[in-house]
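Residues per chain, in single letters:
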Amino acid sequence: MTEGLVSTIIPVFNRSTLLVEAVSSALEQTYPQLEVIVVDDASTDDTPQVIASLCERDARVRSVRRENGGPGLARETGRQAARGEFIQYLDSDDLLLPRKFELQVAALRADPSAGIAYGITRYRDAAGDEIACMWKEANQVQRKMFPSFLVSRWWETVTPLFRRSVTDAAGPWTNLRLEEDWEYDCRIAALDPDLAFVDEVLAEHRDHVEARLSRGGNDPERLRMRARAHVLIAGHAQRAGIDRSLPAMQHLGRDLFHLARQCGAAGLRQESRELLTAAVKISAARDLRTYNFVARLIGVRNAGTMAETLDRFRSR
């Protein structure tokens with residue numbers, strides 16, 4: 001580990017144009033001690049050539065190419081290669097503002113008890129216009145990640161700067177391709193690190209017309225990945241000793257319950273049962289226990305199909 005160095009890890013797959021902008025935003029930091037590690041997740045377009053050009057232009061940029069495994073495993077490859085005291089994860093479609101490292105490293109230096117520094121993230125639509133984040137309560141000011149992270153992941157991957165000691169303690173990213181970032185953050189939250197907040201806009205999360213793994217319907221494979229992530233998140237909350245009576249835990253229980261019904265209706269019996277088991281452990285909701293009883297009687301697929309049909313009927 002190199003003291004004071006910030007390692008920026010950028011996973012990328014077939015996104016050369018946006019990648020150039022992301023790398024530039026890291027290299028243009030006012031903070032001088034940095035390295036950029038671009039992890040090519042087996043791109044099939046011109047991305048490898050663009051990465052080679054970026055490395056030739058600036059010695060602070062280096063790259064690793066790996067077999068395709070999704071964003072989590074790509075970030076893990078970068079984490080293993082990182083030499084910095086601080087870790088920054090940067091998705092290839094997002095941007096760092098110039099003073100991000102300067103201000104966040106200063107916040108961590110000023111608060112030795114804090115394991116993570118974060119600031120405000122600005123949101124832009126595909127046209128580049130600034131928008132309000134309406135789909136979650138973003139940019140919260142918190143001293144701890146739990147229990148609020150059980151309701152939603154209220155920051156983006158670009159938002160936090162981690163001490164390496166925190167990411168080392170959290171362990172490796174999973175091979176999940178959906179909600180892998182939420183699961184990772186909740187695993188970190190279970191370590192109970194303090195947060196240092198910087199009251200400045202320090203990053204941008206951008207929408208665009210290119211492909212995103214987070215977009216798409218609830219096909220069985222997507223449901224299977226979401227189910228695994230949710231079960232892991234529930235386990236992190238339990239290990240952290242979060243009181244099951246808290247509203248955030250009850251919210252997570254309902255989320256698990258809803259996903260269990262979707263998995264049941266899709267014929268994912270094992271995933272539905274695991275979600276129900278996790279939900280019952282953290283929630284005492286009567287409808288959940290009733291559904292669990294019915295699922296044992298008629299099977300999770302029949303119970304899930306029945307519940308989904310009732311929901312559609314009620315929404316009319």
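Coordinates for the structure precede this section.
Residues numbered from 1 in each chain as written. Predicted model: local features only at pLDDT ≥ 70, side-chain atom pairs only at ≥ 80, totals over all residues. Heavy atoms only, no water.

In this section: the side chain of K100. In this structure, K100 sits in helix α4 (residues 100-110). Of the side chains with opposite charge, D94 lies nearest to the buried K100, which makes no salt bridge, at 10 Å. A distance of 3.2 Å separates a polar side-chain atom of K100 from the backbone oxygen of V158. With residues near it in sequence (within four places) discarded, K100 still touches Q29, Q88, V158, T159, P160, L161, L202 and A203. (Helix = DSSP H or I, 4+ residues; strand = E, 2+ residues; numbered from the N terminus. Buried < 20%, exposed > 50% of the residue type's maximum accessible area, 1.4 Å probe, protein only. Lys, Arg positive; Asp, Glu negative; His and termini not counted. Salt bridge = Lys/Arg side-chain N within 4 Å of Asp/Glu carboxyl O. Polar contact = N/O pair within 3.5 Å; in protein donor to acceptor, adjacent residues only side chain to side chain. Contact = heavy atoms within 4.5 Å.)

The subject of this paragraph is empty space enclosed by the protein. This structure, assessed with the given rule, holds 1 cavity of 30 Å³ or more. Reported here for the largest cavity is a volume of approximately 40 Å³. As for the largest cavity, its lining consists of Y89, R153, T157, P160, F162, W173, Y184 and D185. Those elements that provide at least two residues to the lining of the largest cavity are β8 (160-163) and α6 (180-189). Of the residues contributing to the lining of the largest cavity, the split by class is 5 nonpolar, 1 polar and 2 charged. (1 Å grid on protein atoms, 1.4 Å probe; cavity = no way out; pocket = protein on both sides within 12 Å on 5 of 7 lines; lining within 4 Å. Points joined across faces, edges and corners; volume = space filled by probe spheres on them. Nonpolar A, V, L, I, M, F, W, Y, C, P; charged D, E, K, R; others polar.)

Time to look at the packing of helix α7 (residues 220-239) against helix α9 (residues 269-282). Packing of α7 against α9 leaves a shortest axis separation of 10 Å and a crossing angle of 25°. Of the possible angle classes, the one that applies to α7 and α9 is roughly parallel. Along this stretch, α7 crosses α9, giving a crossing that reads as left-handed. For the pair α7 and α9, the contacting residues are R224, A227, H230, V231, A234 and Q238 in the first and E271, E274, L275, A278, K281 and I282 in the second. Taken together, the residues of the contact of α7 with α9 sort by class into 6 nonpolar, 2 polar and 4 charged. (Axes fitted to C-alpha atoms, helices over the stretch in contact; angles between N-to-C directions. Parallel < 35°, antiparallel > 145°, perpendicular 65-115°, else oblique. Left-handed = near helix turned anticlockwise from the far one by under 90°.)

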